[in-house]
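# Commentary on secondary and tertiary structure
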Amino acid sequence: MFAEVYKTEDNQLSFELHDRASAASYRIYAHKDAQKCINESCYIGSGEGNQTVISFPDACKERYYFTLAFDDGTQCLCGFRILPIDGMYNFRDLGGYIGKDGRPLKWGLLYRGDHLYNIASTGIPYLDEVKLNSIIDFRGEQEWKSSPNQLGHRDIKQYHFIPDGKIAAFAGSLQNGEQMDHHAMQIAFAKEQVKKDPDMARKSMMNQQIEFVNNELSQQAYRDTLTLMAQADAAPLYFHCKGGKDRTGYAAMLLLSILGVDESVIMYDYLLTNRAREKKNQRYLANFRKMAQGDEEVAQYLFSLFTTEEAYLNAAIQEIKTHYGSILAYVKQVLHISEEQIQTIQSLYLENAL
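This structure is a prediction, so every number in the text was calculated from the model and none was measured.

Attention now goes to the overall build of the chain. Looking only at helices and strands, the chain features 13 helices and 12 strands. Rg of the C-alpha trace for the chain: 21 Å, near the compact-globule value of 20 Å for 354 residues, within the 12% margin. In terms of overall dimensions, the chain has a C-alpha envelope of 60 × 45 × 45 Å along the principal axes. Classification of the 354 residues of the chain by burial places 56% in the buried group. With the model as given, the accessible surface of the chain reaches about 15,400 Å², and the carbon-plus-sulfur share is 48%. The centroid of the 37 positive side-chain charges in the chain is displaced by 2 Å from the centroid of its 46 negative side-chain charges.

Written out as structure tokens, the structure reads:
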């Protein structure tokens, strides 16, 4: 079982439980460190079933973790899956997922998401509480130079490991508010692609994921990523592209596979981007319809570049399995991540066995 917390639209907390056999009741404790805590002074409410909503406004202003203490004596540590950082929409903690030998991923060490260019000044104090040591930026040079990460006053090491993500970069350019003549070129390109094949966008997204598997530039970027993650002083670590779904989603798949997370949960994590940017995507679809002047096929082509679908990531997973048998074998044989590095990653980011 794992649990996670989400901020609701009215700034309440939604506690969501996954894979628990019985819908037991539990007590909720809030605390500032990523360790289990059942101190009565930290008690903030109770829950029952797979989803409970309570009010605790402080958690949307400062970094908190939560311990769920069940009536049967078991406990579960959890935190915000999507962190409520002003200006960010897809900044996510990978903690809590169940990994190798039933050991959960530690909270507060591994984060994935969108770029930090749009973080609001009011979001910087919350980001400071995350206490990042390292940031891996998968965006190309033109992308990160035009939209540099805003880090406040913290001294954070930044790394640019750049996979070949042309489709992701094209999708990103649609968000930037470029001049209308540039958008006109994009619409013309989309019309040309739709004329060739109405399903071209989805196929392009799947092909991009396959390219991450086979392209040498991409292999080097993800090799460097996993190598850094195996360094004890790298975490807390944040890895991101522009929107936090394609280049970032592929990296998360590799990392979670090394940590022994079940493939169904890896896919669940990949698809969470749709939840994180639900309202944002609705605005983009309306804008694409306006840009396409009522051509729904073109609008849907552009929109397909902004969503996550199981078929996208699954294309990469199946490509790996077809040629290498397993993701772990690919990581060793192609990315040249050693068994020692794999064990180090597991030791760094998985809770100790009970």
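Back to the text.
At a minimum axis separation of 6 Å, helix α5 (residues 200–214) and helix α6 (residues 216–229) run at an interaxial angle of 70°. The orientation of α5 with respect to α6, classified from their angle, is roughly perpendicular. Across the interface between the two elements, E211, F212, V213 and N214 of α5 pack against E216, S218, Q219 and Y222 of α6. Along the lines of polarity and charge, the residues of the contact of α5 with α6 split into 3 nonpolar, 3 polar and 2 charged.

The next subject is the packing of α6 against helix α7 (residues 247–258). Put simply, α6 and α7 touch, their axes get as near as 11 Å, and they point 50° apart. In terms of orientation, α6 lies oblique with respect to α7. Seen along the crossing, α6 lies across α7 with a hand that is right-handed. Where α6 abuts α7, its residues Y222, L226 and M229 lie against R247, Y250, A251, L254, L255 and I258. Considering only residue class, the contact of α6 with α7 consists of 8 nonpolar, no polar and 1 charged.

As a further point, take unusual backbone geometry. A235 connects to P236 through a cis peptide bond whose omega is 0°. Mapped onto the secondary structure, P236 falls in the loop between α6 and β12 (237–240). The residue D101 is not glycine, and still its phi comes out positive at about 60°. Summarising the element assignment, D101 is placed in the loop between β8 (92–93) and β9 (110–113).

Glancing now at the environment of T273. By the secondary structure assignment, T273 is in helix α8 (residues 263–276). Taking the relative accessible area as the measure of exposure, T273 reaches 0% and is therefore buried. As for T273 and R92, which are separated by 181 residues in sequence, their C-alpha atoms are 9.4 Å apart. Sequence-distant contacts of T273, defined by excluding residues within four places in its chain, comprise N90, R92, R112, G244, K245 and T308. At a separation of 3.3 Å, a polar atom in the side chain of T273 contacts the side chain of N90.

Right, let's get into the nonpolar core. Grouped together as the largest cluster of nonpolar side chains are 72 residues, with contacts concentrated most on F239, Y250 and L254. Per-element tally for this core: the top contributor is α7, with 8 residues. Core analysis: the second largest hydrophobic core is formed by 39 residues, L13, A24, M88 and W107 among them.

Next up on the list: the environment of F56. Within the secondary structure, F56 is located in the loop between β5 (51–54) and β6 (65–70). By relative accessible area, which is 14% here, F56 ends up buried. Between the alpha carbons of F56 and Q12 there is a distance of 6.4 Å; along the sequence they are 44 residues apart. For F56, the contacting residues outside a window of four places in its chain are L13, A30, I44, Y64 and F66.

About the cut-offs
Residues numbered from 1 in each chain as written. Predicted model: local features only at pLDDT ≥ 70, side-chain atom pairs only at ≥ 80, totals over all residues. Heavy atoms only, no water. Helix = DSSP H or I, 4+ residues; strand = E, 2+ residues; numbered from the N terminus. Rg over C-alpha atoms; globule rule 2.2 N^0.38 Å. Buried < 20%, exposed > 50% of the residue type's maximum accessible area, 1.4 Å probe, protein only. Areas by Shrake-Rupley, 256 points an atom, 1.4 Å probe, with all protein chains shown as cover. Lys, Arg positive; Asp, Glu negative; His and termini not counted. Charge placed at Lys NZ, Arg CZ, Asp CG, Glu CD. Axes fitted to C-alpha atoms, helices over the stretch in contact; angles between N-to-C directions. Parallel < 35°, antiparallel > 145°, perpendicular 65-115°, else oblique. Contact = heavy atoms within 4.5 Å. Nonpolar A, V, L, I, M, F, W, Y, C, P; charged D, E, K, R; others polar. Left-handed = near helix turned anticlockwise from the far one by under 90°. Polar contact = N/O pair within 3.5 Å; in protein donor to acceptor, adjacent residues only side chain to side chain. Core = buried A, V, L, I, M, F, W, Y, C linked by side-chain atoms within 4.5 Å.

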